[in-house]
Amino acid sequence: MKIAVFGASGMVGSRVAAEAVSRGHKVVGVTRSGGELPDGVRPVRGSANDAAAVKELAADSDVLVAAIGPSRTGGDHQDYLDAVDNLIGAVRGTATRLFVVGGAGSLVVNGNRVVDGPDFPAEYKDESLTVSQALENLRASDVNWTMLSPAFVIAPGERTGVFRLGLDEPVGDHISAEDYAVALINEAETPAHNRRRFTLGY
């Protein structure tokens, strides 16, 4: 497959790109900064906020991966929502699938979103609310999307290939970024969650 990864120099995006390359896929890594990318990834300098560039990439890709997120330091979160909307618009009317890297805050426990709970860390709340809004925007769209929400803690670690999958409720406390990438590329190769969110954890 041809896979374009936005945010390909980040913690999650770089591992998604590397996992895809390791399985023989052709990968384009899109970054704003031109940062270092995994071996075998073709670099493209650009932004998911550039509607024309996104549309051009979508036309030449089987899968778009948005490994991007809203600012955690007080930036404009509308910038992120606009980027997701650009990606939705770019794949509309095509066979290209859209993957969005989600967050744990939108997961549901006992019928309530995690982000709305009293113990949710304040420093992550605005970011999580924004990603939750992106999920609602995806659900309201007419494109073939998938959001993968990680466990509560995601960090660099070991690629084990062994984890649990769930839908809207958490299935573990943590996950390595490497295994997150395994699950995302598994889904790209063998679709099981078209037009819905799923999650993973240990």
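**Student:** Just to check I follow, could you spell out the overall build of the chain for this structure?
**Tutor:** Within the chain, the secondary structure is distributed over 5 helices and 12 strands. In terms of overall dimensions, the chain is globule-like: its C-alpha atoms have a radius of gyration of 16 Å, near the 17 Å expected for 202 residues. Relative to its 202 residues, the chain shows a buried fraction of 48%. Sequence-distant contacts in the chain: of pairs separated by 6 or more residues, those separated by 24 or more amount to 66%. Split by element, the accessible area of the chain, about 9400 Å² in all, is 49% carbon and sulfur. Looking at the chain, you have 19 positive and 26 negative side-chain charges, and the mean spots of the two groups are 4 Å apart.

**Student:** Can you walk me through the pairing of strand β1 (residues 2-6) in this structure?
**Tutor:** Two faces make up the sheet, and in a regular strand the side chains alternate between them. When you tally the buried positions in β1, you get 4 out of 5 residues, the bulk of the element. The handedness of the β1 to strand β2 (residues 26-31) crossover, carried by helix α1 (residues 11-22), is right-handed. Taken together, the 4 bridges between β1 and strand β4 (residues 63-66) define a ladder with parallel strand orientation. Across the sheet, Ala4 pairs through a bridge with Leu64, a residue of β4.

**Student:** Help me out: how do you make sense of the sheet that holds strand β8 (residues 145-149) in this one?
**Tutor:** Working definition: the strands of a sheet are paired by backbone hydrogen bonds and lie parallel or antiparallel to each other. Overall, mixed pairing links the 8 strands, which are arranged β3-β2-β1-β4-β5-β8-β12-β10 in an open sheet. Each edge of the sheet is formed by a strand with only one pairing partner; in this case those strands are β3 (41-45) and β10 (164-166). The sheet shows a mean angle of 20° between the axes of neighbouring strands, taken without regard to direction. Alignment of β10 against strand β12 (residues 196-201), held across 3 bridges, turns out to be antiparallel.

**Student:** Help me out: how do you make sense of the nonpolar core in this one?
**Tutor:** As a rule of thumb, soluble globular proteins bury nonpolar side chains together. Core analysis: the largest hydrophobic core is formed by 27 residues, its most contacted members being Phe6, Leu64, Leu87, Leu98 and Leu138. Sorting the residues of this core by element identifies β1, β2, α2 (51-59), β4, α3 (77-91), β5 (97-101), α4 (122-140) and β8 as the ones contributing at least two each. Counting residues per element, this core draws most heavily on α3, at 8 residues. Of all hydrophobic cores here, the second largest spans 26 residues; its members include Val5, Val41, Val101 and Ile175.

**Student:** Please clarify how the side chain of Ser14 should be interpreted in this entry.
**Tutor:** Here Ser14 lies in helix α1. Those residues within four positions of Ser14 in sequence are excluded, and the remaining contacts are Gly7, Ala8, Ser9 and Pro38.

**Student:** Would you take a moment to explain the pattern of salt bridges for this structure?
**Tutor:** Pairing between side chains becomes possible if they bear opposite charge and their charged atoms approach one another. Throughout the structure, instances matching the rule amount to 13 salt bridges. In this structure, Lys2 and Asp60 form a salt bridge, with 3.2 Å as the shortest nitrogen-oxygen distance. Here Lys2 is found in strand β1, whereas its partner Asp60 is found in the loop between α2 and β4, with 58 residues between them in sequence. The partly exposed category is assigned to Lys2, whose relative accessible area is 34%. Asp60 sits in the partly exposed class, given a relative accessible area of 45%. With a shortest N-O distance of 3.3 Å, Asp79 and Arg32 are connected by a salt bridge. With Asp79 in helix α3 and Arg32 in the loop between β2 and β3, the pair connects residues that are 47 residues apart, well separated along the chain.

**Student:** Could you clarify how one ought to interpret α4 in this entry?
**Tutor:** Think of an α-helix as 3.6 residues a turn; residues three or four steps apart then line up on the same face. Between its first and last C-alpha, α4 extends 28 Å over 19 residues, near the 27 Å set by a 1.5 Å rise per residue. Those residues of α4 lying buried are Glu127, Ser128, Thr130, Val131, Ser132, Ala134, Leu135 and Leu138.

**Student:** Explanation requested: α1 in the structure shown.
**Tutor:** Compared with an ideal rise of 1.5 Å per residue, which puts 12 residues at 16 Å, α1 spans 17 Å between its outermost C-alpha atoms and is within 8% of the ideal. The complete set of buried residues in α1 reads Val12, Gly13, Ser14, Val16, Ala17, Glu19 and Ala20. Note on α1: the residue one or two positions beyond its end, Gly24, has a positive phi of about 90°.

Rules used in this analysis
Residues numbered from 1 in each chain as written. Predicted model: local features only at pLDDT ≥ 70, side-chain atom pairs only at ≥ 80, totals over all residues. Heavy atoms only, no water. Helix = DSSP H or I, 4+ residues; strand = E, 2+ residues; numbered from the N terminus. Rg over C-alpha atoms; globule rule 2.2 N^0.38 Å. Buried < 20%, exposed > 50% of the residue type's maximum accessible area, 1.4 Å probe, protein only. Contact = heavy atoms within 4.5 Å. Areas by Shrake-Rupley, 256 points an atom, 1.4 Å probe, with all protein chains shown as cover. Lys, Arg positive; Asp, Glu negative; His and termini not counted. Charge placed at Lys NZ, Arg CZ, Asp CG, Glu CD. Right-handed = clockwise from strand over helix to strand, strands pointing away. Pairing = 2+ DSSP bridges. Axes fitted to C-alpha atoms, helices over the stretch in contact; angles between N-to-C directions. Core = buried A, V, L, I, M, F, W, Y, C linked by side-chain atoms within 4.5 Å. Salt bridge = Lys/Arg side-chain N within 4 Å of Asp/Glu carboxyl O. Expected span 1.5 Å × (residues − 1).

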